[in-house]
Amino acid sequence: MLVWLSSARPQYGRFILLDRDGVLNVNRPDYIKSLAELNFYRDALEALAFLERNGVGVILVSNQSGINRGLIEWEDFREIHEGVIRRVEECGGRIQAAFYCPHRPDEKCECRKPAPAMIFAACRFAGIAPAQTFFAGDSESDMKAAENAGCRGVRICRTDGEVTTGLCAPEEPNFPTLLDAVSSIYGKGI
Ligand SMILES: [Mg+2]
Ligand SMILES: [Zn+2]
């Protein structure tokens with residue numbers, strides 16, 4: 001598990017956990033391999049600014065198996081990560097921490113979603129209980145990870161023709177964008 005923390009003790013009363021690719025930025029079937037391939041959804045940047053204004057700390061929880069598949073260079077991975085942090089801040093948001101799994105599925109690690117280890121680590125860092133925490137992701141494995149960690153999964157199912165990772169089950173709480181999701185969870189005060 002790769003961990004990045006912006007500070008040792010974030011000063012937020014509430015937190016939300018977010019998947020990265022497909023939630024903040026347009027996903028690619030061949031992975032986000034360089035900063036040039038990082039394209040944010042405009043509404044996601046607005047959502048992050050909304051969360052910051054409303055005192056909700058944001059923590060990323062992301063599978064990045066492209067690293068151990070040998071498709072993402074460390075240098076590029078670092079650049080992408082820093083690009084995410086910077087772009088979010090330019091738009092009024094903030095990210096408090098990021099947890100990444102670099103492993104391939106065949107490595108059978110303990111951190112790759114749908115395993116709950118990264119969510120547990122994020123909750124420990126934030127000092128929150130999984131049961132009181134939302135985790136928003138775009139894929140089936142995100143929802144499974146939320147279930148495995150005992151937190152509340154929220155599925156982002158974009159309908160604007162971008163790459164999606166599967167169809168949403170009708171019984172899942174789901175929203176077409178991250179902005180819709182966080183407005184619904186934390187109120188409409190945009
Ligand atoms: Mg995703
Ligand atoms: Zn892992």
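1. Examining the environment of E37
Piece 1. Mapped onto the elements of the fold, E37 is located in the loop between β2 (14-18) and α1 (42-53).
Piece 2. You can call E37 buried: its relative accessible area is 16%.
Piece 3. Sequence separation between E37 and R158 is 121 residues; the distance between their C-alpha atoms is 19 Å.
Piece 4. Setting aside anything within four residues of it in sequence, one finds E37 in contact with R28, Y31 and I32.
Piece 5. Looking at E37, its side chain comes within polar contact range of the main-chain nitrogen of K33, at 2.7 Å.

2. Describing a nonpolar patch on the surface
Piece 1. Taken together, M1, V3 and L5 make up a surface patch of nonpolar side chains, about 250 Å² in accessible area.
Piece 2. In this fold, V3 is placed in strand β1 (residues 2-5).
Piece 3. A residue is classified by how much of its surface remains accessible, and V3, at 46% relative accessible area, is partly exposed.

3. Examining the coordination of the zinc ion (ligand 2)
Piece 1. The zinc ion (ligand 2) binds to the protein through C101 (SG), H103 (ND1), C109 (SG) and C111 (SG); the donor distances cover 2.0 to 2.2 Å.
Piece 2. Each of the four donor atoms around the zinc ion (ligand 2) contributes to a set of angles spanning 98 to 118 degrees, which defines the coordination as tetrahedral.
Piece 3. Motif for the zinc ion (ligand 2), donor spacing along one chain: C-x1-H-x5-C-x1-C. Here C101, found in strand β4 (residues 97-101), pairs with C111, found in the loop between β4 and α3 (117-126); they are ten residues apart in sequence, far enough to count as distant. With respect to class, C101 is no different from C111; both count as buried.

4. A word on the pairing of strand β6 (residues 152-156)
Piece 1. Along β6, four of the five residues are buried, which leaves the element largely enclosed by surrounding structure.
Piece 2. Bridging between strand β5 (residues 134-137) and β6 involves four bridges; their strand directions are parallel. The residue bridging G137 from the neighbouring strand is R155, located in β6.
Piece 3. Note that the unit made of β5, helix α4 (residues 140-149) and β6 has a crossover that is right-handed.
Piece 4. Bridge analysis of β6 against strand β7 (residues 174-175) gives two bridges, and the strand direction is parallel. The residue bridging R155 from the neighbouring strand is N174, located in β7.

5. Brief notes about the coordination of the magnesium ion (ligand 1)
Piece 1. Every protein donor of the magnesium ion (ligand 1) is listed here as D19 (OD), D21 (O) and D138 (OD), and their distances to the metal cover 2.1 to 2.2 Å.
Piece 2. Going along the chain, you hit the donors of the magnesium ion (ligand 1) in the pattern D-x1-D-x116-D. Of the two residues, D19 and D21, both sit in the buried class.

6. Points about the pattern of salt bridges
Piece 1. Applying the stated criterion across every chain, the model contains 15 salt bridges.
Piece 2. D19 is paired through a salt bridge with K113; the nearest N and O atoms lie 3.0 Å apart. Taken together, the residues span a long stretch of sequence, with D19 in the loop between β2 and α1 and K113 in the loop between β4 and α3 at a distance of 94 residues. Here D19 and K113 have matching classes, each one buried.
Piece 3. Salt bridges linked by common partners bring R28, D30, K33 and E37 together as one network.

Rules used in this analysis
- Sequence positions are assigned chain by chain, starting from 1 and proceeding in written order.
- Chains and ligands are labelled sequentially in the order written, the chains with letters from A and the ligands with numbers from 1.
- For a predicted model such as this one, the threshold for reporting local features is a pLDDT of at least 70, and the threshold for listing and counting side-chain atom pairs is 80 or more; totals across whole chains, interfaces and linings nevertheless cover every residue.
- For side-chain calculations, the full set of non-hydrogen atoms in the structure is used, while hydrogens and water are omitted.
- Secondary structure elements are defined from DSSP: runs of H or I of at least 4 residues count as helices, runs of E of at least 2 residues count as strands, and each element is numbered from the N terminus.
- Each residue gets one of three labels from its accessible area relative to the maximum for its type: buried under 20%, exposed over 50%, partly exposed in between, using a 1.4 Å probe on protein chains only.
- The contact rule is simple, with two residues in contact once any of their heavy atoms fall within 4.5 Å.
- Polar contact is defined as a pair of N or O atoms within 3.5 Å, subject to the rule that within protein one atom must be able to donate a hydrogen and the other to accept it, and that residues adjacent in sequence are counted only when both atoms are side-chain atoms.
- The patches described consist of residues with a relative accessible area above 30% and no salt bridge, like charges being joined within 9 Å and nonpolar side chains (Val, Leu, Ile, Met, Phe, Trp, Tyr) within 5 Å.
- For the accessible areas, the method is Shrake-Rupley and the probe is 1.4 Å, while residue cover comes only from the protein chains on display.
- For this document, the term salt bridge refers to a Lys or Arg side-chain nitrogen within 4 Å of an Asp or Glu carboxyl oxygen.
- Donor atoms are limited to N, O and S found within 2.8 Å of the metal ion, a distance that becomes 3.2 Å for Na, K and Ca. With water left out, some sites might look partial.
- Every angle between 85 and 135 degrees makes a four-donor site tetrahedral, while opposite donors more than 155 degrees apart, with all other angles between 65 and 115, make a four-donor site square planar and a six-donor site octahedral; other sites are irregular.
- The pairing criterion is simple: DSSP has to find at least two bridges between the two strands.
- Seen with its strands pointing away from the viewer, a crossover is right-handed if its path from the first strand over the helix to the second goes clockwise.

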